[in-house]
Amino acid sequence: MKTITLTTDHATYQMGVTDAGRLLHTYFGPRVPDDMGYAIASPDRPFSGNPADGLDLAFSLDVLPLEYPTYGVGDYRRAALDVRTADGTDGCDLRVVSWDQHEGKYALDGLPAVHAAAADASTLEVKLADELIGLEVTLRYGVIPGLDAICRSATVTNVGTEPLVVSRALSASLDLVGGPYDLITFPGRYGMERIPERSAVGHALASVGSIRGASSHQANPFAILAEHGCDEDHGTCWSMSFLYSGNFTCEAQQDQFGMTRWAMGLSDQMFEYPLAPGESLVCPEVAMAFSADGLAHLSHLNHRLVREHVCRGPWALRRRPVLINNWEATGFDFTGEKIYDIAREAADLGIEMVVLDDGWFGARDGDRAGLGDWVVNEGKLGGTLGELSRRIEGLGMGFGLWIEPEMVNEDSDLYRAHPDWALTVPGREPIRGRNQLVLDFSRPEVVDAVFEAICKVVDAAHVSYLKMDCNRSMADVYSHAVVHQSFGKTMYRFVLGTYSFLERLIERYPQMLIEGCCGGGGRFDAGMMYYTPQVWCSDDTDAIERVRIQGGTSYGYPASAVGSHVSAVPNAQIGRSVDLETRGVVAMSGTFGYELDPARLTDAECDVVRRQVVDYKRLWPLIAEGDYYRLGAQDGHGDFAAWGFVSPDAGQALLDVVSLDARCNAPVSYVRCKGLDPAVVYSLELLCGEGGGQAMPTELSGAALMACGVPVPQVPGEYHAWQWVLSARG
Ligand code: DGJ
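Just so it is clear, the model here is predicted, and its values are computed rather than measured. (Residues numbered from 1 in each chain as written. Predicted model: local features only at pLDDT ≥ 70, side-chain atom pairs only at ≥ 80, totals over all residues. Heavy atoms only, no water.)

### So, the overall build of the protein chain
- A tally of regular secondary structure across the protein chain gives 13 helices and 37 strands.
- Relative to a compact globule of 730 residues, whose C-alpha radius of gyration would be 27 Å, the protein chain shows 26 Å and is just as compact.
- Along the longest, intermediate and shortest principal axes, the C-alpha atoms of the protein chain span 85 × 70 × 45 Å.
- Taking all 730 residues of the protein chain together, 61% fall into the buried category. (Helix = DSSP H or I, 4+ residues; strand = E, 2+ residues; numbered from the N terminus. Rg over C-alpha atoms; globule rule 2.2 N^0.38 Å. Buried < 20%, exposed > 50% of the residue type's maximum accessible area, 1.4 Å probe, protein only.)

Structure, rendered in structure tokens:
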């Protein structure tokens, strides 16, 4: 057997190629110098198919760890690939044809992919073929050694003369010996996205995914496989992050001998992707990372991966403007003058940008009409958008605009002119979501038309920021442009259409900051972050709910990508009132902003906002580049929630604490810091929060801060916040 080895700073990823060209997966774990093929035992196993490779009964792909398993070769576990021939036969038998490794990280045409400087990454391509059915598969591996990351993608090509149908094509499949393992996924719902859920991987198939057209609020295309007992600071764990914003699946299952198969890729539900001779299907990229030091380190790797190797453009690493968005303050009910007033008040508080949300176009005074008509409602604004944006710029602020390009109301000029541009099944009443239909973005002419209309608006005004929303799940997946419908193909091409829209926006407006959004966090994935370096995290802006949402989000995504704002109280979503200081502390662990009417703030609150804006600007390097630590109860079930950021040299840290339920005669809780230098003395600067009578020293060693920690001040009431900056003493 020949071996193919990929090496990162702390990990080894290894494959074996048998004499007959079978591609085995021999290892992914802590760095080792060996040929790990020795560990692959293959005794004779009854009821496990034996391929005719000239070997004995002990050779069965049903029991071996495989690199890209297919149906049809005697492996009865979940395949990564299944292909059907024109006569309806399922299965394929892939053999390695060649492989090649070179400097630099591959890119994927029309799809997001991790990027890196040529010297910081390498690419391995393994070509496999099934000559009988005319199928070629290229497995791509992008290696980022400094981040212990291996990225994977597969291209499936019909090189024969007969049509093929791909019924399942995942991007990455990992067979791991050892274990037992836990799968950590991030399910949720609208308004409560990405809440970690951990369960042991057993023989029952564990599977999460989306068939909603977007990656969804309900499931997230990021998952972790961890050894039992792996915690924040210890243990072996791996992550998979799918750089794709549409339907996906993530599956894990133990086989009969306890080996775990873990896979991620395009959802195979109703997939059926036809491949005519010469056609290919590119399976989007899965970025995997490995940590032998627990979940916190795995998160740090993913944060750097997204921030430095997924996000692109001038805003990827730059501090984002502190913005104010009018949505929670006004809904659809605003005038140009009201927006200007918000801007004027906000400018006085140090806020840097105004974002005009939904309702500025067409007959859009509610959610029943106007969507799709990207023509400024000058009557409502009392002038042109250019006039409004220039007035706002006159206040020294930037101007941003909300769009929802993939959607249409039936009550719109666009729909009246082009009813066939919406996804609807002929003869059926369509499923509506928020009173709207989904435009067929699998059709380039539809994308073109919407793009041109939106650009016309943007060109005529001074717009430096776009918030791109998407407010319903897809249904009625019928494209009026094709005769033979394919759910999988239309859904996939829809996502490609969305990506092409975004890519063209970026090309045309290279300085534009684009924020992704999907009814809050319904499309919060690394695929979107390739185009939009920040994504609105959730429509739930209650600070205490956000502690949970942002805590869950932190496993896979950096704070610099988390759209989070301070909103008014009582909170519009849940009616809770939380102190402005607490709302600020929570919102600062993301791209900071406000979502309220500043005219309603008291003078004292205005002073708090002014200070928050200044603090945020100062803290940005720590928040964006620091290592993020989960320090307690971000699931919302405890006396306090705490998290922190530590600068890469451990010279500075930010410690955020929020008290949760108030209790009578409660014991003292301690927040133990992480990631500090034990030998360094840190000065403690309390940015906000009352001491509760507890006198804290102004200096403490990293050793004390990590061993004992900071006692959470006991202040009557709930939902108080404290924010400390720790700075290494001279
Ligand atoms: C859903 C978004 O998440 C909100 O922030 C807001 O933009 C509304 N859509 C507007 O319709």
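### Things to note about empty space enclosed by the protein
- Following the criterion strictly, the structure yields ten cavities of 30 Å³ or more and no others.
- The calculated volume of the largest cavity comes to roughly 150 Å³.
- Around the largest cavity sit Arg22, Leu23, Leu61, Leu66, Tyr68, Pro69, Thr70, Val73, Asp93, Leu94 and Leu128, which together line it.
- Here the lining of the largest cavity is composed, by residue class, of eight nonpolar, one polar and two charged.
- Its volume calculated, the second largest cavity comes out at about 90 Å³.
- Among the elements that line the lining of the second largest cavity, the one with the most residues is helix H8 (residues 487–508), at five residues. (1 Å grid on protein atoms, 1.4 Å probe; cavity = no way out; pocket = protein on both sides within 12 Å on 5 of 7 lines; lining within 4 Å. Points joined across faces, edges and corners; volume = space filled by probe spheres on them. Nonpolar A, V, L, I, M, F, W, Y, C, P; charged D, E, K, R; others polar.)

### Examining the pairing of strand E13 (residues 222–227)
- Judged by how many residues are buried, E13 sits mostly within the fold: five of six residues are covered.
- Sheet analysis places strand E10 (residues 181–185) next to E13, joined by four bridges and oriented antiparallel. Opposite Tyr181, over in E13, you have Glu227 as the bridge partner.
- Two strands pair when backbone bridges link them, and E13 and strand E14 (residues 237–242) are joined in this way by five bridges, in the antiparallel orientation. (Pairing = 2+ DSSP bridges.)

### Description of the site of the ligand
- Taken together, 13 residues sit near the ligand, with Asp357, Asp358, Lys467, Asp469 and Asp539 positioned nearest.
- Residue Trp402 places a side-chain N or O atom 3.1 Å away from an oxygen atom belonging to the ligand.
- The contact in question runs from a nitrogen atom of the ligand to an N or O atom on the side chain of Asp469, over 2.7 Å.
- In isolation the ligand exposes 290 Å². Once the protein is present, 97% of that is buried.
- Partitioned by chemical class, the residues of the shell around the ligand number four nonpolar, three polar and six charged. (Near = heavy atom within 4 Å. Polar contact = N/O pair within 3.5 Å; in protein donor to acceptor, adjacent residues only side chain to side chain. Areas by Shrake-Rupley, 256 points an atom, 1.4 Å probe, with all protein chains shown as cover.)

### Considerations on unusual backbone geometry
- Omega for the peptide link from Gly179 to Pro180 comes to 0°, which places this bond in the cis form.
- Relative to the helices and strands, Pro180 is located in the loop between strand E9 (164–176) and E10.
- Geometrically, the link from Val569 to Pro570 is a cis peptide bond, its omega value of -10° lying close to zero.
- Structurally, the position occupied by Pro570 is in the loop between strand E28 (566–567) and helix H11 (580–587).
- Not every positive phi belongs to a glycine, and Arg434 is a case in point at roughly 50°.
- Inspection of the secondary structure assignment puts Arg434 in the loop between helix H6 (413–417) and strand E23 (437–438).
- By relative accessible area, Arg434 is classed as partly exposed at 28%.

### A few points about the sheet that holds strand E37 (residues 721–728)
- Read from one edge of the open sheet, six strands run E30-E31-E32-E37-E34-E35, paired in antiparallel fashion. At either end of the open sheet lies a strand with only one pairing partner, and these are strand E30 (627–632) and strand E35 (699–701). Recorded for the sheet is a direction-independent mean angle of 25° between the axes of neighbouring strands.
- As paired elements, strand E34 (residues 681–688) and E35 share three bridges and run antiparallel to each other. Across the sheet, residue Tyr682 finds its bridge partner in E35, namely Leu700. (Axes fitted to C-alpha atoms, helices over the stretch in contact; angles between N-to-C directions.)

### Quick look at helix H5 (residues 385–394)
- When we look at burial in H5, the residues that qualify are Leu385, Gly386, Leu388, Ser389 and Ile392. All buried residues of H5 fall inside an arc of 165° around its axis, so they share one side.
- Against the buried residues of H5 lie helix H3 (336–348), strand E20 (353–356), helix H4 (378–381), strand E21 (398–403) and helix H7 (444–460).
- Remark: Gly396 follows H5 within two positions and exhibits a positive phi of approximately 85°. (Arc of directions from axis to C-beta. Contact = heavy atoms within 4.5 Å.)

### A word on the packing of aromatic side chains
- Going through the model one piece at a time under the given rule, you end up with 28 aromatic pairs.
- Arranged with centres 5.9 Å apart and planes meeting at 55°, the rings of Phe222 and Tyr557 form a pair that is tilted. With a gap of 335 residues between them, Phe222 in strand E13 and Tyr557 in the loop between helix H10 (543–553) and strand E27 (562–563) connect regions that are remote in the sequence. Tyr557 shares its class with Phe222; the two are buried.
- Three or more aromatic residues joined by ring pairs form one cluster here, namely Tyr13, Phe28, Tyr141, Tyr181, Trp238 and Phe290.
- If you follow Arg546 out to its NZ or CZ, it ends over the ring of Trp536, 4.8 Å from the centre.
- When the ring centre of Tyr555 is taken as reference, the NZ or CZ atom of Arg630 above it lies at 3.6 Å. (Phe/Tyr/Trp six-rings, centres within 6.5 Å; stacked < 30°, edge-to-face > 60°. Lys NZ or Arg CZ within 6 Å of the ring centre and 35° of its normal.)

### Focus on the sheet that holds strand E24 (residues 465–468)
- On the basis of which strands lie adjacent, the open sheet formed by nine strands has the order E27-E26-E25-E24-E21-E20-E19-E29-E28 and parallel pairing. In this open sheet, the two edge strands, each paired with only one partner strand, are E27 and E28.
- Pairing geometry for strand E19 (residues 323–325) and strand E29 (residues 593–595), over two bridges, is parallel. The partner of Ile324 across the bridge, within E29, is Tyr594.
- H5 rests against E20 and E21 of the sheet, and its axis sits at about 140° to E21.

### Some remarks on the packing of H3 against H5
- With their axes 10 Å apart at the nearest point, H3 and H5 run at an angle of 15° to one another. The angle between H3 and H5 places the two elements in the roughly parallel class. Considering only the axes of H3 and H5, their crossing is right-handed. Between H3 and H5, the residues in contact are Gly336, Glu337, Ile339, Tyr340 and Ala343 and Leu388, Arg391 and Ile392, respectively.
- Taken together, the residues of the contact of H3 with H5 break down into five nonpolar, one polar and two charged. (Parallel < 35°, antiparallel > 145°, perpendicular 65-115°, else oblique. Left-handed = near helix turned anticlockwise from the far one by under 90°.)

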